[in-house]
Amino acid sequence: MDPKASLSILLLLFGISQASPVRSPNLGFLPIPGNVDITTKILESNKASTEHLMEADLLFPKTKNALYCLNNNCFWKKNSSNLVEVPYIVSNEYSSSDIAVIKNAMSTFHNKTCIRFVARSNQTDYISIENKDGCYSYLGRIGGKQVVSFKRTGCLYHGIIQHELNHALGFYHEQSRSDRDKFVKINWEYIPADKASNFKIQNTYNQNTTYDYGSIMHYGRTAFTNQTGKDTITPIPVATVKIGQRQDMSETDILRINKLYGCIV
């Protein structure tokens, strides 16, 4: 082939490649930047919130005097196809790229469980995803419209979205488990007195699953600390075990959803 013709073809191909860049398969995946655990990021985003929040990011139900979700009334219902539908609407304050991040986080539930987040039509019970003053959710299905907040600046990350959606499905924080003292030590000396209630043990239904240090629902080790560099949570017996991961639901997180909702996947 003529050298000039070869050069022309190469230049043409180069131009096409620049005009149509290869898209990443994880276009909607947005991880929390830096070496920041999930609780630190949520607390940072919730500093200015005017909501009454328990355990950092749980909206306190106005009709109850405690966080409680252990019966069928607070779980979402299956449809005739044996899938659990969670209707939702999304605020128009979000951009198309914001919505892509939210839907990407939802896709793991769709791919690995029987949970289906579906656009609301006329369902009575549904979640309303809104750009409010932090990252937070109610615990389980409360009936009617219930807000799940993802502040555009600070909350629109894959792990945080999955964390809050798990709350909406009825899941507590991991270190709130009824048997947590066998697996972590709470260092009360580094927890301010007015924050101690955030470390209360809940009457959780553990579904015969093991304690999961790698759960997307686990606090980071410095959550609510009153002294920089001091841990409020120490794993036992191995203190160096990582907690507070922020990337994706763990296999145990997925197992628990499937067990709680009777998924066949």
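Residues numbered from 1 in each chain as written. Predicted model: local features only at pLDDT ≥ 70, side-chain atom pairs only at ≥ 80, totals over all residues. Heavy atoms only, no water.

1. Examining the overall build of the protein
Broken down by element type, the protein carries five helices and nine strands. Along the chain direction, N to C, the helices and strands of the protein fall in the order α-α-β-β-β-α-β-β-β-β-α-β-β-α. Here the protein holds 265 residues, and 48% of them are scored as buried. In the protein, once contacts between residues fewer than 6 apart in sequence are set aside, the share between residues at least 24 apart is 72%. (Helix = DSSP H or I, 4+ residues; strand = E, 2+ residues; numbered from the N terminus. Buried < 20%, exposed > 50% of the residue type's maximum accessible area, 1.4 Å probe, protein only. Contact = heavy atoms within 4.5 Å.)

2. Re the pairing of strand β7 (residues 145-150)
Counting buried positions along β7 gives five out of six residues, so the element sits mostly inside the fold. Both strand β5 (residues 126-130) and β7 contribute to a ladder of five bridges, which runs parallel. In the strand pairing of β7, Y126 is matched with K145. For strand β6 (residues 135-137) and β7, the ladder comprises three bridges, and the chain directions are antiparallel. Following the sheet pairing, C135 is matched in β7 by F150. (Pairing = 2+ DSSP bridges.)

3. Observations concerning the state of the cysteines
Under the criterion given, the structure shown has two disulfides. In this model C114 forms its disulfide with C263; the gap between the sulfur atoms is 2.1 Å. Linking C114 and C263, the disulfide has an S-S dihedral of approximately -65° and is accordingly described as left-handed. One end of the pair, C114, is in the loop between α3 (96-112) and β4 (115-119); the other, C263, is in the segment after α5 (251-260), with 149 residues separating them in the sequence. Of the two residues, C114 and C263, neither departs from the other in class, the shared state being buried. Residue pairing for C135: its cysteine sulfur links by disulfide to C155, the two sulfurs lying 2.0 Å apart. One disulfide, between C135 and C155, carries an S-S torsion of -85° and so falls in the left-handed class. (Disulfide = S-S within 2.5 Å.)

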